[in-house]
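Below, each chain spelled out in residue letters.
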Amino acid sequence: MGEHSGQKKKILIAAVVIAVVLAFVLVVGVHISSSRALNAQIAELQRLTDALRANNMEQAGQIEDLANRDAEQDKELAAMSKSLTTKTDELEAMQEQEAARYIPNIFPLRGNSSLVQDVEIPDEEEEEKPDDEEEEIEEIEEPEETEEEQMRLVIPKDAPSAKFMTAAESRAIATADGTVSKVSGDAHKGYQIVLDHGNGYITVYEGFGLALVNENDTVGRGSVLLYFVDEINTFTYWMRYEENWMDPLETIDING
């Protein structure tokens, strides 16, 4: 009986040991399985990390390329802007030079000439007449204007002018680019030539000589308008801007 009881205890202990071993094996198996899954997850995370790192490096390279392109484009834009500014300045300078050609400011004569200052001639003293002598007043009829005189530009008597005495072979020249709007008179009565400069300025040239231009001719600065033949000639020059007659001596180089 006692021997039989001892065997039961041994069997029970063996069963418990076997159960413990099985439980341990089961736990170890679960742990190994979990470790393998975790290792797989870690490997996948590492792969994703490497892929992300590679993608970041590629994007960083693209960003650097874009930055370099932007820098090159900025340089090109700066060069284009500088070139455009230079071209604009050159165009403005050319426009200013072109506009200056239509402003009358050069001396209107070539050759020997001298400026004639206006001199007031004092009135002669009137002869005293007896009180009982009546002065006869005779009406003088003004002559009718000829067709040539009607064609002349009417210049106010108080309009400022520049008057010159010229020698033979002197020439009256255009003081700026323009168009001949009037040519009136003749070599015996004197010519009047009017230039329209297209910017509000007109200039008038009057003198005894040979007219070398016709109406509607386009002339340049320095073009010859009148050629003086006689040893002594008179020449008068006027200048008007819009409706105002200007003093030409304030704008032209009087020394030629």
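Look up: the structure comes first, before these words.
Residues numbered from 1 in each chain as written. Predicted model: local features only at pLDDT ≥ 70, side-chain atom pairs only at ≥ 80, totals over all residues. Heavy atoms only, no water.

## Regarding the pairing of strand β11 (residues 233-241)
For clarity, the cut-off: A 1.4 Å probe rolled over the protein chains alone gives each residue an accessible area, and that area as a share of the maximum for its type sets the label: buried under 20%, exposed over 50%, partly exposed in between. Helix and strand assignments come from DSSP, with helices taken as H or I runs of at least 4 residues and strands as E runs of at least 2, each series counted from the N terminus. When DSSP locates at least two bridges between a pair of strands, those strands are taken to pair.
In terms of residue burial, β11 counts as a mostly covered element, since seven of its nine residues are buried. Looking at chain direction, strand β3 (residues 162-166) and β11 are connected through five bridges and run antiparallel. From the neighbouring strand, A162 faces β11, where its bridge partner is Y237. Inspection of the sheet shows strand β7 (residues 201-207) paired to β11 by seven bridges, in the antiparallel sense. Paired with Y205 across the two strands is Y237, which belongs to β11. With three bridges connecting them, β11 and strand β12 (residues 244-246) associate as antiparallel partners. Looking at β12, one finds that Y241 is bridged to N244. In this antiparallel pair of consecutive strands, β11 and β12, the connection spans two residues, and E242 shows a positive phi of 55 degrees.

## Description of the pattern of salt bridges
Counted only if it meets this: Salt-bridge detection follows one rule: a side-chain nitrogen of Lys or Arg within 4 Å of a carboxyl oxygen of Asp or Glu.
Under the definition given, this model contains four salt bridges. Notably, a salt bridge pairs R101 with D177, separated by 2.9 Å at the nearest N-O pair. Pair noted here: R101 is in the loop between α1 (2-100) and β1 (109-110) and D177 is in the loop between β4 (171-173) and β5 (178-186), with a separation of 76 residues, a long-range link. Residue classification places R101 among the partly exposed residues on the basis of a relative accessible area of 33%. When its relative accessible area of 9% is taken as the criterion, D177 is described as buried. When the shortest N-O distance is used, the salt bridge between R152 and E206 registers 3.4 Å. Of this pair, R152 sits in the loop between α2 (147-151) and β3 while E206 is found in strand β7, placing the two residues 54 residues apart along the sequence. E206 sits in the partly exposed class, given a relative accessible area of 21%.

## What to know about the side chain of S170
Condition: Throughout this description, a polar contact denotes any pair of N or O atoms lying within 3.5 Å of each other; where both atoms belong to protein, one of them has to be capable of donating a hydrogen while the other can accept it, and for residues adjacent in sequence the pair is counted only when both atoms sit in side chains. Whether two residues are in contact is decided by their heavy atoms, any of which lying within 4.5 Å being enough.
As for its placement among the helices and strands, S170 is situated in the loop between β3 and β4. A distance of 2.9 Å separates a polar atom in the side chain of S170 from the backbone oxygen of A167. With sequence-adjacent residues up to four places away left out, S170 is seen in contact with R110, G111, N112, L226, Y227 and F228.

## Overview of the nonpolar core
How we decide: By nonpolar core we mean a set of buried residues, namely Ala, Val, Leu, Ile, Met, Phe, Trp, Tyr and Cys, connected to one another through side-chain atoms within 4.5 Å.
One finds I193, L195, Y205, L225 and F235 to be the most contacted residues of the largest nonpolar core, which totals 22 residues. For this core, the secondary structure elements donating two or more residues are β3, β5, β6 (190-196), β7, β10 (224-227) and β11. Those residues in contact with L195 that lie beyond four places of it in its chain are A174, A176, T179, V180, S181, Y201, I202, T203, Y205, V219 and L225. Listed in part, the eight residues of the second largest apolar core include I155, A159, I202 and V204.

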